[in-house]
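A closer look at the structure
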Amino acid sequence: MDTTTLVSDLTENGQRIVEQLPQGGFEVTAAFWLKKAEDGQWYFYIVSPLAEIEKKGNAQSRLFTIIRQMPEPHWINPLEVRLIGPNHPLAKEVFAIRDRVPGPKERPIRWNGWIHGTVSFEGAYIYPLPAMASS
């Protein structure tokens, strides 16, 4: 993936994954792309309570199984996917951003740069959750 711009194909692929995971029994409380300033790389984060309830390896295995079973076309490099729980500091930061941005919650949020602890981020793309996942 281009290290400067998050291309629309990947944001669309991420949206498809966000919509499909709950249908596969994988609860999602947030999903977002995040670009770390240190390496300029975008990473796709899935926030799920399963990351805290199940052993992390089991939850990741379930996540990747559902993604692999999805109909094509979609492609997100598994090395770019991060699974975290709702209590993870990044998840809490994204919840706070999502809560304070005005306007409809059905639209994605593009967020430019912030510093969280000792890590600096150049940007984020935060997905709205499907109605069944956010209720």
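Above this text sits the structure in question.
The notes below deal with the structure included here.

Things to note about helix H3 (residues 56-69)
For an α-helix, 3.6 residues make a turn, and residues three or four places apart therefore share a direction. Here H3 contains 14 residues, and its C-alpha end-to-end distance of 20 Å stays within 8% of the 20 Å for a straight helix at 1.5 Å per residue. Taken together, the buried positions of H3 are Ala 59, Leu 63, Ile 66 and Ile 67. The buried residues of H3 all sit within an arc of 100 degrees when viewed along its axis, so they share a single face. Of the residues in H3, the exposed ones pointing more than 90 degrees away from the buried face are Arg 68 and Gln 69. Packing partners of the buried residues in H3 comprise helix H1 (8-20), strand S2 (42-47), helix H2 (50-53) and strand S3 (81-84).

Some remarks on helix H4 (residues 89-100)
Over its 12 residues, H4 runs 17 Å from end to end, which matches the ideal 16 Å to within 8%, given 1.5 Å per residue. Among all positions of H4, only Leu 90, Ala 91, Val 94, Phe 95, Ile 97 and Arg 98 are buried. Angular distribution of buried residues about the axis of H4 spans 160 degrees; they occupy a single face of the element.

Let's talk about empty space enclosed by the protein
On inspection of all chains with the given rule, the structure shows 1 cavity of 30 Å³ or more. Its boundaries defined by the atoms lining it, the largest cavity holds a volume of some 40 Å³. Together, Arg 98, Lys 105, Arg 107, Ile 109, Ile 126, Tyr 127 and Pro 128 line the largest cavity. Residue classes in the lining of the largest cavity are distributed as 4 nonpolar, no polar and 3 charged.

Some remarks on the packing of aromatic side chains
Pairs of aromatic rings are described using the distance from one ring centre to the other and the angle between the two planes. Scanning the entire structure with this criterion turns up 4 aromatic pairs. Centroid distance Phe 44 to Tyr 127: 5.9 Å. Interplanar angle 90 degrees. Geometry classified as edge-to-face. Remark: Tyr 127 occurs in the loop between strand S5 (119-126) and helix H5 (131-134) and Phe 44 occurs in strand S2; sequence separation between them is 83 residues. By the burial criterion, Phe 44 is buried, and Tyr 127 matches it.

Some thoughts on the nonpolar core
The nonpolar side chains of soluble globular proteins are, as a tendency, buried together. Membership of the largest hydrophobic core comes to 24 residues, with the highest contact counts inside it found for Leu 21, Phe 26, Trp 33, Phe 44, Ile 46 and Leu 63. Mapped onto this core, the elements with two or more residues apiece are H1, strand S1 (30-36), S2, H2, H3 and S3. Core analysis: the next-biggest nonpolar cluster, separate from the first, contains 18 residues, Tyr 45, Val 47, Ala 91 and Ile 97 among them.

Conventions used here
Residues numbered from 1 in each chain as written. Predicted model: local features only at pLDDT ≥ 70, side-chain atom pairs only at ≥ 80, totals over all residues. Heavy atoms only, no water. Helix = DSSP H or I, 4+ residues; strand = E, 2+ residues; numbered from the N terminus. Expected span 1.5 Å × (residues − 1). Buried < 20%, exposed > 50% of the residue type's maximum accessible area, 1.4 Å probe, protein only. Arc of directions from axis to C-beta. Contact = heavy atoms within 4.5 Å. 1 Å grid on protein atoms, 1.4 Å probe; cavity = no way out; pocket = protein on both sides within 12 Å on 5 of 7 lines; lining within 4 Å. Points joined across faces, edges and corners; volume = space filled by probe spheres on them. Nonpolar A, V, L, I, M, F, W, Y, C, P; charged D, E, K, R; others polar. Phe/Tyr/Trp six-rings, centres within 6.5 Å; stacked < 30°, edge-to-face > 60°. Core = buried A, V, L, I, M, F, W, Y, C linked by side-chain atoms within 4.5 Å.

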